[in-house]
Every structure is written in C-alpha cells, then in structure tokens.
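So the chains spell out like this:
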Amino acid sequence: MALWAPGIISIPTGATRINVTEAAHSRNYLALRSHSGQSIINGNWVIDKPGQYEGAGTTFTYVRPSEGTVGERVYAMGPTTEPIEVYVSVRE
C-alpha cells in the first residue's frame, strides 16, 4: 500500500521548461496534481505507465528508468495555466 506525502513543491502558473527529476532510483513514485485537484500523473492510488499526460494546459512526459539509474523524471515545455503540485507516493 502506498502513502501519499504532502506536496513537496508547487510549480506556478505560467511555468515553462519544467523538469522534476529524482536524484537516485527509488521504489517511490513522483505524482502531479493540478491546483483544481485533477490528478495528472500517479494520482488516485493508481501508478501510471510512463508516457505523455495532459494537464494544466501543457503536456507532461513521465519517464520511469530501469534499476540503478537516475530516478523518475517528469518534464514539460509549458506554460502551465494553473499551479501544479508535485507529490511522492511513498512505498519505502
């Protein structure tokens, strides 16, 4: 069972060139939610597959690398149309 940690960072409206990258691989998962409460990536107790996801007026790309490499990465060109909150699904 995963626990959702409180937001670790807020990305403001109008943000461009967004890049959130884990420094090291872990069993935890990055998650994004719009200010309006809409899950964008890894929300509502579901772990999404790597790929592209629409939210807050932009397209986010979610990358989950293999073992032993840098951790997960979420990036987007923006601009965002509302604030985004970055969370972590804690598994370890």
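The structure this text deals with has already been given above.
This section reports on the structure supplied with the text. (Residues numbered from 1 in each chain as written. Predicted model: local features only at pLDDT ≥ 70, side-chain atom pairs only at ≥ 80, totals over all residues. Heavy atoms only, no water.)

## Overview of the pairing of strand E8 (residues 73–76)
Burial of the side chains of E8 is restricted to one face: Val74 and Ala76 are buried, whereas none of Arg73 and Tyr75 on the reverse face is. In this sheet, E8 lies alongside strand E3 (residues 18–21) in antiparallel orientation, the contact comprising four bridges. The partner of Ile18 across the bridge, within E8, is Ala76. Of the strand pairs in this sheet, strand E7 (residues 58–63) and E8 are connected by three bridges, and their pairing is antiparallel. From the neighbouring strand, Thr61 faces E8, where its bridge partner is Tyr75. (Buried < 20%, exposed > 50% of the residue type's maximum accessible area, 1.4 Å probe, protein only. Helix = DSSP H or I, 4+ residues; strand = E, 2+ residues; numbered from the N terminus. Pairing = 2+ DSSP bridges.)

## A word on the pairing of strand E9 (residues 84–90)
Here E9 lies mainly inside the structure; five of its seven residues are buried. Relative to E9, strand E2 (residues 9–11) runs antiparallel, the two sharing three bridges. Across the sheet, Ile9 pairs through a bridge with Val86, a residue of E9. Relative to E9, strand E4 (residues 29–34) runs antiparallel, the two being bridged by six bridges. By the bridge assignment, Ser34 is partnered in E9 with Ile84.

## Focus on the pattern of salt bridges
Under the definition given, this model contains one salt bridge. Between Glu85 and Arg33 there is a salt bridge, with its nearest N and O atoms 3.9 Å apart. Of this pair, Glu85 sits in strand E9 while Arg33 sits in strand E4, placing them 52 residues apart in sequence. Look at Arg33 and you get partly exposed, because its relative accessible area is 34%. (Salt bridge = Lys/Arg side-chain N within 4 Å of Asp/Glu carboxyl O.)

## Side note on the sheet that holds E3
Adjacent strands of a sheet pair through backbone hydrogen bonds, lying either parallel or antiparallel. Reading across from one edge, E3-E8-E7-E6 is the order of the four strands in this open sheet, with antiparallel pairing throughout. Every interior strand has two partners, whereas the edge strands, E3 and strand E6 (51–55), have only one. On average, each strand axis in the sheet is inclined to that of its neighbour by 20 degrees, with strand direction left out of account. (Axes fitted to C-alpha atoms, helices over the stretch in contact; angles between N-to-C directions.)

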